[in-house]
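Tertiary structure, described
Residue-level listing of the chains:
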Amino acid sequence: MKFGYRERCLEHDTGPRHPESPDRLRAIKRAMAGRHSVEYVAADPVEIERVLAVHDAEYVDAFEIFCRRGGGNWDADTVASEESFDAALASAGLAEWAALAALEGHEGRETPFALGRPPGHHAVRDEGMGFCFFNNAAVAAQSVIDRGLADRVAIFDWDVHHGNGTQDIFYEQGDVFYASIHEEGLYPATGHVEETGTGDGEGTTMNVPFPPGTTEGAFLAALSELLGPALAAFDPDLLLISAGFDAHEHDPISRMRISTEGYGLLTHGVREIADDTDAALAFVLEGGYGLDTLSSSVGMVHEVFDGYRPVTDHEEVSVDAREIIDTVRQQGFDGLSG
Ligand SMILES: [Zn+2]
């Protein structure tokens with residue numbers, strides 16, 4: 001893969017005991033060392049206008065001033081340092097680069113993956129939260145639409161948490177489809193099945209809140225039975241993956257049970273959906289807090305694009321997960337006209 005990476009993202013200092021630490025990126029880089037066809041691209045930071053397309057100026061100004069004055073606790077668990085504003089611009093720039101590179105035709109072994117931090121999917125228009133300040137995937141999606149490079153963008157968020165920020169930003173827009181699989185009841189407790197968008201965005205938000213303990217079998221069923229048909233109807237030019245790895249069975253902060261191979265199967269699944277819908281495909285890093293599980297899972301995504309075919313022993317779909325899938329299907333996503 002082509003990995004977007006900037007040293008600047010290491011400078012976002014969240015303190016000694018924060019799970020969202022620069023060690024996450026260091027662990028990924030270490031795990032990628034020596035692997036076949038790994039390439040790094042130091043993309044430029046995003047232009048502030050691109051950030052202001054999805055965030056309110058007042059909030060962006062307040063965040064910049066907060067950082068320039070030395071940073072601190074933005075909220076109880078969202079921490080900034082003096083360098084965080086510039087790191088956030090770099091992180092959003094990597095996401096934008098990934099979207100642009102995919103639309104330019106980089107695919108297969110050259111599929112782009114933005115390795116930025118701070119992560120983005122909890123950031124709403126006028127507020128940072130949940131370790132996130134700028135919504136990187138949203139900046140990237142809106143940028144390629146505003147540049148006239150894409151008419152429609154889909155964002156599939158497999159982070160274990162619901163991407164409330166991405167959902168909010170695009171909730172009333174018909175040109176961005178947001179789909180999330182997440183652990184029910186986990187932070188920030190949004191992402192119910194009934195949240196499907198309003199106005200022009202009616203039917204372009206899909207939430208699949210699985211119960212704790214769900215394995216990759218249910219995630220794969222959601223891909224083939226829900227996301228695939230919905231995106232076939234929506235017909236996106238670009239599919240962005242908000243790729244968090246905190247649904248891993250050994251991640252310290254969730255109770256989901258995705259194996260490392262499972263992330264390979266999810267990668268294979270989204271690649272098939274992108275192929276079937278003739279959409280460009282790019283990945284943007286979100287969460288993932290076990291350094292070993294995060295780095296091995298990103299490595300697995302890479303290996304799938306390098307030709308590896310993953311397998312699983314966990315193909316079963318629990319009764320509870322099956323019920324959620326059936327309920328989501330009843331929302332009628334495959335009836336969209338593109
Ligand atoms: Zn997460």
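Above this text is the structure in question.
Residues numbered from 1 in each chain as written. Predicted model: local features only at pLDDT ≥ 70, side-chain atom pairs only at ≥ 80, totals over all residues. Heavy atoms only, no water.

Some remarks on the coordination of the zinc ion
- All of the protein donors around the zinc ion are Asp159 (OD), Asp159 (OD), His161 (ND1) and Asp246 (OD); their distances to the metal are 2.0 to 2.7 Å.
- In this structure, the zinc ion is surrounded by 4 donor atoms whose angles at the metal cover 53 to 153 degrees, and the resulting shape is irregular.
- A residue is classified by how much of its surface remains accessible, and Asp246, at 0% relative accessible area, is buried. (Donors = N, O, S within 2.8 Å, 3.2 Å for Na, K, Ca; no water. Tetrahedral: all angles 85-135°; square planar, octahedral: opposite > 155°, others 65-115°. Buried < 20%, exposed > 50% of the residue type's maximum accessible area, 1.4 Å probe, protein only.)

Re the packing of aromatic side chains
- The tally for this structure, following the rule as stated, stands at 23 aromatic pairs.
- Measuring from ring centre to ring centre gives 5.7 Å for Phe63 and Phe85, while their planes differ by 55 degrees; the resulting arrangement is tilted. You can see Phe63 sitting in helix α3 (residues 57–68) and its partner Phe85 sitting in helix α4 (residues 84–103), a full 22 residues away along the chain. For the pair Phe63 and Phe85, a shared accessibility class is recorded, and that class is buried.
- A ring pair is formed by Phe156 and Trp158, whose centres lie 6.3 Å apart and whose planes are at 80 degrees; its orientation type is edge-to-face.
- Of the residues examined, Phe156 reaches a relative accessible area of 2% and is grouped as buried.
- By relative accessible area, which is 0% here, Trp158 ends up buried.
- Every member of this aromatic cluster is reached through a ring pair, and the members are Phe3, Tyr5, Tyr40, Phe113, Phe156, Trp158, Phe245, Tyr263, Phe283 and Phe305.
- When the ring centre of Tyr40 is taken as reference, the NZ or CZ atom of Lys29 above it lies at 4.6 Å. (Phe/Tyr/Trp six-rings, centres within 6.5 Å; stacked < 30°, edge-to-face > 60°. Helix = DSSP H or I, 4+ residues; strand = E, 2+ residues; numbered from the N terminus. Lys NZ or Arg CZ within 6 Å of the ring centre and 35° of its normal.)

Regarding the pairing of strand β7 (residues 176–183)
- For β7, the tally of buried residues reaches 8 of 8 residues, placing the bulk of the element in the interior.
- In this sheet, β7 lies alongside strand β6 (residues 153–157) in parallel orientation, the contact comprising 5 bridges. From the neighbouring strand, Val153 faces β7, where its bridge partner is Val176.
- Since β6 and β7 lie parallel, the crossover through helix α6 (residues 164–170) that links them has a hand, and here it is right-handed.
- The pairing of β7 with strand β8 (residues 205–210) spans 6 bridges and is classified as parallel. Note that in β8 the partner of Glu183 across the bridge is Phe210. (Pairing = 2+ DSSP bridges. Right-handed = clockwise from strand over helix to strand, strands pointing away.)

Re the sheet that holds β6
- Reading across the sheet, the 8 strands line up as β2-β1-β5-β10-β9-β6-β7-β8 and stay open at both edges, with parallel pairing between neighbours. Each edge of the sheet is formed by a strand with only one pairing partner; in this case those strands are β2 (39–41) and β8. Direction aside, the axes of adjacent strands within the sheet are offset by 20 degrees on average.
- Note that strand β9 (residues 238–243) and strand β10 (residues 280–285) share 6 bridges and pair parallel. (Axes fitted to C-alpha atoms, helices over the stretch in contact; angles between N-to-C directions.)

A word on the environment of Ala230
- Mapped onto the secondary structure, Ala230 falls in helix α7 (residues 216–234).
- The exposure class of Ala230 is buried, given its relative accessible area of 0%.
- Taking C-alpha positions, Ala230 is 9.2 Å from Phe177, a pair spaced 53 residues apart along the chain.

So, the pattern of salt bridges
- Per the stated rule, a full pass over the model turns up 17 salt bridges.
- Across the pair Glu183 and Arg255 runs a salt bridge, and its minimum N-O distance is 3.3 Å. With Glu183 in strand β7 and Arg255 in the loop between β9 and α8 (260–276), the pair connects residues that are 72 residues apart, well separated along the chain.
- Its relative accessible area of 54% is what places Arg255 among the exposed residues.
- Two residues, Arg329 and Glu225, come together in a salt bridge whose shortest N-O distance is 2.5 Å. Here Arg329, found in helix α10 (residues 319–329), pairs with Glu225, found in helix α7; they are 104 residues apart in sequence, far enough to count as distant.
- Members of the salt-bridge network, linked through shared partners, are Glu225, Arg322, Asp326 and Arg329. (Salt bridge = Lys/Arg side-chain N within 4 Å of Asp/Glu carboxyl O.)

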